[in-house]
Number of protein chains: 2
Amino acid sequence: MVEKPAVRPGGRSARVQRAVHEAVITLDKEVPRDRLSVPLIAERAGVTPSTIYRRWGNLKELLADVAAERLQPDTPVADTGSLEGDLIAWAGEYMEEMTSTPGQQMLADTLGSTSLEQRQRCLQAQRHQLQLILSRAEARGETPLPTVERLLDGVMAPLTYRLSYAPQSLSKDNLAQWIAATLR
Amino acid sequence: MVEKPAVRPGGRSARVQRAVHEAVITLDKEVPRDRLSVPLIAERAGVTPSTIYRRWGNLKELLADVAAERLQPDTPVADTGSLEGDLIAWAGEYMEEMTSTPGQQMLADTLGSTSLEQRQRCLQAQRHQLQLILSRAEARGETPLPTVERLLDGVMAPLTYRLSYAPQSLSKDNLAQWIAATLR
DNA sequence: TCCTCTAACGCAAAATATTTGCTTTAAAGC
DNA sequence: GCTTTAAAGCAAATATTTTGCGTTAGAGGA
């Protein structure tokens, strides 16, 4: 049912995938969430509904796929000159994005899907970004350095937890405290 | 669309709510998730589909409501004689339950819903349980005691984060470490 | 207790969405 | 080029969701 989206990456298959993803993203800005339907997306993408059902299974999985895609980092992490600064900048931007209405929706889309696959993509991306930040810190000679897992547990976990359960309670101060405590 | 489920708690309304909740829970054990539909649930509950749509809006919200209900603690927290022991026992049981297939599903149901309300119910329940554990520790004279928020960030957050993103990587050791580090 | 009022339910028709069998198309590999 | 085949299109069959309207059972007052 749900398989690798791009088996034939070269041609039509890839075009359809792009068209559908783009249709989801633009429609999501135009219509309220509970009006977003497969036939609507299909029409905008210039594709038949059955194509979407055959490829993604159902709306939920499609939305999870699109959300996971959008959560892949597209901009490089800013280099502020220190590990703590880089973390605050990067995680702060993530927090900013995810407290917005579309961000909250993306989070719900990925966390609500049945397949673990999309969530693992997101985790992998976060690991990768943190690894990058740590490598730069190492190159600067900063020490001692925490592990990636420690940063995930100490910073990304509380951030994500609150993004889901109490987004209104989040603040930059909060974030800075988690980071400081984790680096200590 | 989505309003307080029990406006008239006394009679028919409450019966319908119970019947529908029970239908969801039993059907969820009998049929694969992608076969669970509103008409199916309605039939099992002895209710008309439109009743469910009018009351819960759609399947997603219904599932979130049921999941949040099931996540309310029904058994009192075990008293092991120490704060650390109590935390390991309670969070360990939670971890156990949530790594199972139905547990993962419940988590996805609550985190995937649009309305923050159900998730706040869950957070409130967790806060309450932790508060209970802390009160007992205080009565024992244990000191220093962490705050509830500290336990949420230090223990429940990493636990929940991994339950969503990498459930297979979880272990009791992991949990014990988070608890020990948080109490330190 | 009885009466009135109304939120919530049932029913069934209409509108939408999903599934499926079969045909057609367009990349991949030779 | 030619062949092969995954993926897309099309359209009919199902299934689900929405909606208007009549009915019912609790709530609250006389």
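Residues numbered from 1 in each chain as written. Chains lettered and ligands numbered in written order. Predicted model: local features only at pLDDT ≥ 70, side-chain atom pairs only at ≥ 80, totals over all residues. Heavy atoms only, no water.

(A) Fine view of the overall build of chain A. Scanning chain A from terminus to terminus reveals 9 helices and 0 strands. Expressed as lengths along the three principal axes of its C-alpha atoms, the size of chain A is roughly 55 × 35 × 25 Å. Looking at chain A alone, contacts between residues at least 24 apart form 66% of all its contacts between residues at least 6 apart. Summed over its atoms, the accessible surface of chain A is roughly 9200 Å², and 52% of this surface lies on carbon and sulfur atoms. Between the mean site of the 22 positive side-chain charges and the mean site of the 23 negative ones, chain A shows a separation of 6 Å. (Helix = DSSP H or I, 4+ residues; strand = E, 2+ residues; numbered from the N terminus. Contact = heavy atoms within 4.5 Å. Areas by Shrake-Rupley, 256 points an atom, 1.4 Å probe, with all protein chains shown as cover. Lys, Arg positive; Asp, Glu negative; His and termini not counted. Charge placed at Lys NZ, Arg CZ, Asp CG, Glu CD.)

(B) Up close: the environment of Thr114 of chain A. Inspection of the secondary structure puts Thr114 of chain A in the loop between helix 6 (101–112) and helix 7 (116–140). Distance in space between the C-alpha atoms of Thr114 of chain A and Ser100 of chain A is 24 Å, their sequence separation being 14 residues. Once you skip the residues sitting within four places of it in the chain, Thr114 of chain A turns out to touch Lys60, Glu61 and Arg119 of chain A together with Gln105 of chain B.

(C) Focus on the domain arrangement of chain A. As assigned here, chain A comprises domain 1 (12–57) and domain 2 (73–183). Computed over C-alpha atoms only, the centres of domain 1 of chain A and domain 2 of chain A are separated by 30 Å. (Domains from an automatic or database assignment.)

(D) Inspection of the environment of Thr101 of chain A at higher detail. Inspection of the secondary structure puts Thr101 of chain A in helix 6. The spacing of Thr101 of chain A and Glu30 of chain A is 71 residues in sequence and 13 Å in space, taken between C-alpha atoms.

(E) Quick look at the UniProt feature "domain: HTH tetR-type" (unreviewed entry) in chain A. The positions that UniProt labels "domain: HTH tetR-type" (unreviewed entry) are, in the present scheme, residues 14–74 of chain A. Structurally, residues 14–74 of chain A is divided into 74% helix and 0% strand, and its ends, taken at the C-alpha atoms, are 19 Å apart. (UniProt positions renumbered as here; feature names shortened; annotations may be inferred.)

(F) Main features of the nonpolar core. The biggest cluster of nonpolar side chains holds 70 residues, and the ones touching the most others in it are Met156 and Leu159 of chain A together with Met156 and Leu159 of chain B. Not counting the four nearest positions on each side in its chain, Met156 of chain B is found in contact with Tyr161 of chain A together with Trp90, Tyr94, Gln126, Leu130 and Leu151 of chain B. (Core = buried A, V, L, I, M, F, W, Y, C linked by side-chain atoms within 4.5 Å. Buried < 20%, exposed > 50% of the residue type's maximum accessible area, 1.4 Å probe, protein only.)

(G) Structural view of the interface of chain A and chain B. With 30 residues of chain A at the contact, the number on the chain B side is 30 residues. Both sides together, the interface formed by chain A and chain B hides about 2600 Å², and carbon and sulfur atoms give 53% of it. Area buried by chain A at its contact with chain B is led by Asp153, Tyr161 and Tyr165 of chain A, which between them contribute 30% of it. Here chain A is connected to chain B by 4 salt bridges. Salt-bridge contacts for Arg162 of chain A lead to Glu149 of chain B; the nearest nitrogen and oxygen are separated by 3.2 Å. Among the secondary structure elements, those contributing two or more residues to the side of chain A that touches chain B are helix 6, helix 7 and helix 8 (148–165) of chain A. Residue composition of the side of chain A that touches chain B, grouped by class: 16 nonpolar, 9 polar and 5 charged. (Buried area = accessible area lost by both parts, 1.4 Å probe. Salt bridge = Lys/Arg side-chain N within 4 Å of Asp/Glu carboxyl O. Nonpolar A, V, L, I, M, F, W, Y, C, P; charged D, E, K, R; others polar.)

(H) Highlighting helix 9 (residues 172–183) of chain A. All names here are of chain A. Counted at 1.5 Å a residue, the expected span for helix 9 with its 12 residues is 16 Å, and the 17 Å between its end C-alpha atoms agrees. Of all the positions in helix 9, only Asn174, Leu175, Trp178, Ile179 and Thr182 are classed as buried. All buried residues of helix 9 project into a common sector of 130° when viewed along the axis, lining one side. Counted as exposed and oriented over 90 degrees from the buried face of helix 9: Asp173 and Gln177. (Expected span 1.5 Å × (residues − 1). Arc of directions from axis to C-beta.)

(I) Structural context of the packing of aromatic side chains. All told, the structure shown has 4 aromatic pairs over all chains when counted by the stated rule. Ring geometry for Trp90 of chain A and Tyr94 of chain A: centres 6.5 Å apart, planes at 20°, overall stacked. Highlighted residues: Trp90 of chain A and Tyr94 of chain A, both in helix 5 (residues 83–99), separated by 4 residues, approximately one helical turn. Judged by its relative accessible area of 12%, Trp90 of chain A falls in the buried class. With centroids separated by 4.9 Å and ring planes inclined at 40°, the aromatic side chains of Tyr161 of chain B and Tyr165 of chain B adopt a geometry described as tilted. Residue Tyr161 of chain B and its partner Tyr165 of chain B are located together in helix 8 (residues 148–165), separated by 4 residues, close to a single helical turn. For the pair Tyr161 of chain B and Tyr165 of chain B, a shared accessibility class is recorded, and that class is buried. (Phe/Tyr/Trp six-rings, centres within 6.5 Å; stacked < 30°, edge-to-face > 60°.)

(J) Quick peek at the pattern of salt bridges. Tallying each qualifying case throughout the model produces 28 salt bridges over all chains. The partner of Asp28 of chain A in a salt bridge is Arg33 of chain A, and the shortest N-O contact between them spans 3.1 Å. For Asp28 of chain A, a relative accessible area of 22% corresponds to the partly exposed category. Residues Glu96 of chain B and Lys172 of chain B are paired through a salt bridge, measuring 3.7 Å at the closest nitrogen-oxygen approach. Separated by 76 residues along the polypeptide, Glu96 of chain B in helix 5 (residues 83–99) and Lys172 of chain B in helix 9 (residues 172–183) bring together distant segments of the chain. One connected set of salt bridges, linked through shared partners, spans Asp79, Asp86, Arg136, Arg140 and Glu142 of chain A.

(K) Spotlight on the relation of the copies chain A and chain B. Aligned on chain B, chain A shows an RMSD of 0.0 Å; the corresponding rotation is 180° and the shift along the axis is 0.0 Å. The relationship between the two copies is best expressed as a two-fold rotation axis. Ranked by how close their C-alpha atoms come to the rotation axis, the residues of chain A are headed by Gly112 of chain A, at 1.8 Å. When the interface residues of chain A are mapped onto chain B, 100% of them are again interface residues, pointing to one common binding face. (Least-squares fit on C-alpha atoms with pLDDT ≥ 70 in both.)

(L) Expanded view of helix 6 of chain A. With 12 residues, helix 6 of chain A extends 16 Å between its outermost C-alpha atoms, agreeing within 8% with the 16 Å of an ideal straight helix rising 1.5 Å per residue. By the criterion of burial, helix 6 of chain A is predominantly enclosed, with 10 of the 12 residues buried. Taken as a whole, helix 6 of chain A has its buried residues at Gly103, Gln104, Gln105, Met106, Leu107, Ala108, Asp109, Thr110, Leu111 and Gly112 of chain A. Each element contacted by the buried residues of helix 6 of chain A is listed here: helix 4 (59–70), helix 5, helix 7 and helix 8 of chain A together with helix 6 (101–112) and helix 8 of chain B.

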